[in-house]
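Here's the letter readout for the chains.
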Amino acid sequence: MRALARSLPKLAAALPWVELGVWPTPLRPLSIAGREVWVKHEGESHPLYGGNKIRTLEAWFGHARARGATKIWGIGAYGSNHVIATILHAERAGLAAAALLFPQPTSPWAVENAGAIIDTRCEIVRLRSVVEVPFVGMAIALVVYLAGRKHLP
């Protein structure tokens, strides 16, 4: 966002945004096969839970708040980095968090992330397959929409 604000300040001012990250992230040299390459350390974008997801969440949370949302749903596999990042950072944006999860093959990092998602005690909707995501997502959106209306037509 800072780069956008420098280049196109009027556009940047019009975009809803929630600052989450510690920017810029470090750029460090690394020697590979005798050649120096530079590596961007996005994992240091936030001490709680960093990574490239933080850049996306800054825009996503800003958009959600601008539309009046009070809750945000992270959608992904049981061990999703995106879901855990969404849940862990939503409160800083003034949003409650929930998770819509579908199965994935077991791996150590997936088990670790699934445990972290459960440990947050957020609302979790477990699906049998990724195929159900659009149907359950639409059902949740409809319930939220209807709950916000004063009366039905």
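Residues numbered from 1 in each chain as written. Predicted model: local features only at pLDDT ≥ 70, side-chain atom pairs only at ≥ 80, totals over all residues. Heavy atoms only, no water.

Engineer: It is not clear to me how the packing of helix H4 (residues 81-90) against helix H5 (residues 108-119) should be interpreted in this structure. Could you clarify?
Structural biologist: When two helices pack together, their arrangement is captured by the angle between the axes and the distance separating the axes. At a closest axis distance of 10 Å, the pairing of H4 and H5 adopts a crossing angle of 25 degrees. On the basis of the axis angle, H4 is roughly parallel to H5. Between H4 and H5 lies a crossing whose hand is left-handed. Contacts between H4 and H5 pair Asn81, Val83, Ile84 and Ile87 from the former with Asn113, Ala116 and Ile117 from the latter. Residues belonging to the contact of H4 with H5 are distributed by class as follows: five nonpolar, two polar and no charged. (Axes fitted to C-alpha atoms, helices over the stretch in contact; angles between N-to-C directions. Helix = DSSP H or I, 4+ residues; strand = E, 2+ residues; numbered from the N terminus. Parallel < 35°, antiparallel > 145°, perpendicular 65-115°, else oblique. Left-handed = near helix turned anticlockwise from the far one by under 90°. Contact = heavy atoms within 4.5 Å. Nonpolar A, V, L, I, M, F, W, Y, C, P; charged D, E, K, R; others polar.)

Engineer: Help me understand the layout of surface pockets, please; the structure alone is not making it clear to me.
Structural biologist: Where empty space is left can be seen by rolling a probe of water-molecule size over the atoms. A volume near 690 Å³ is recorded for the largest pocket. Forming the walls of the largest pocket are 17 residues, and the residues nearest its centre are Ala69, Lys71, Ile72, Trp73 and Val144. Residue assignment for the lining of the largest pocket shows that the elements contributing at least two residues are helix H3 (53-66), strand S3 (71-77) and helix H6 (133-148). A per-element tally of the lining of the largest pocket places H6 first, with five residues. For the lining of the largest pocket, the per-class residue count stands at 11 nonpolar, four polar and two charged. Size it by volume and the second largest pocket reaches roughly 200 Å³. If you trace the second largest pocket, you find it lined by Met1, Arg2, Ala3, Trp17, Glu19, Trp23, Pro24, Lys40, Arg55 and Glu58. When contributions to the lining of the second largest pocket are tallied by element, the ones reaching two or more residues are helix H1 (2-7) and H3. Split by residue class, the lining of the second largest pocket holds five nonpolar, no polar and five charged. (1 Å grid on protein atoms, 1.4 Å probe; cavity = no way out; pocket = protein on both sides within 12 Å on 5 of 7 lines; lining within 4 Å. Points joined across faces, edges and corners; volume = space filled by probe spheres on them.)

Engineer: Would you mind showing me how to read the sheet that holds strand S5 (residues 123-126) here?
Structural biologist: Strand pairing in a sheet relies on backbone hydrogen bonds. The paired strands run either parallel or antiparallel. Reading across from one edge, S3-S4-S5 is the order of the three strands in this open sheet, with parallel pairing throughout. One side of each edge strand has no neighbouring strand; the edge strands of this open sheet are S3 and S5. Sheet twist, expressed as the average angle between the axes of neighbouring strands with direction ignored, equals 20 degrees. Note that strand S4 (residues 96-102) and S5 share four bridges and pair parallel. Looking across to S5, one finds that leucine 100 is bridged to valine 125. (Pairing = 2+ DSSP bridges.)

Engineer: Would you mind going over the packing of aromatic side chains with me for this structure?
Structural biologist: In this description, an aromatic ring pair is defined by two values, namely the gap between the centres and the angle between the planes. Under the defined criterion, the tally for this structure stands at one aromatic pair. Aromatic pair tryptophan 60 and phenylalanine 61: ring centres 6.1 Å apart, planes at 20 degrees, arrangement stacked. Among the residues examined, phenylalanine 61 registers a relative accessible area of 0% and is labelled buried. (Phe/Tyr/Trp six-rings, centres within 6.5 Å; stacked < 30°, edge-to-face > 60°. Buried < 20%, exposed > 50% of the residue type's maximum accessible area, 1.4 Å probe, protein only.)

Engineer: In this structure, what is going on with the nonpolar core? I would like to understand it.
Structural biologist: Taken as a class, soluble globular proteins show a tendency for nonpolar side chains to be buried jointly. Core analysis: the biggest nonpolar cluster contains 21 residues, and Phe61, Ile87, Leu95, Ala99 and Ile117 have the highest contact counts within it. Only H3, H4 and S4 provide two or more residues apiece to this core. Counting residues per element, this core draws most heavily on H4, which supplies five residues. If near-sequence neighbours (up to four positions away) are discounted, isoleucine 87 is found in contact with Ala97, Ala98, Ala99, Ile117, Thr120 and Cys122. Counting residues in each nonpolar core, the second largest holds eight residues, with Ala98, Leu100, Leu127 and Val133 among its members. (Core = buried A, V, L, I, M, F, W, Y, C linked by side-chain atoms within 4.5 Å.)

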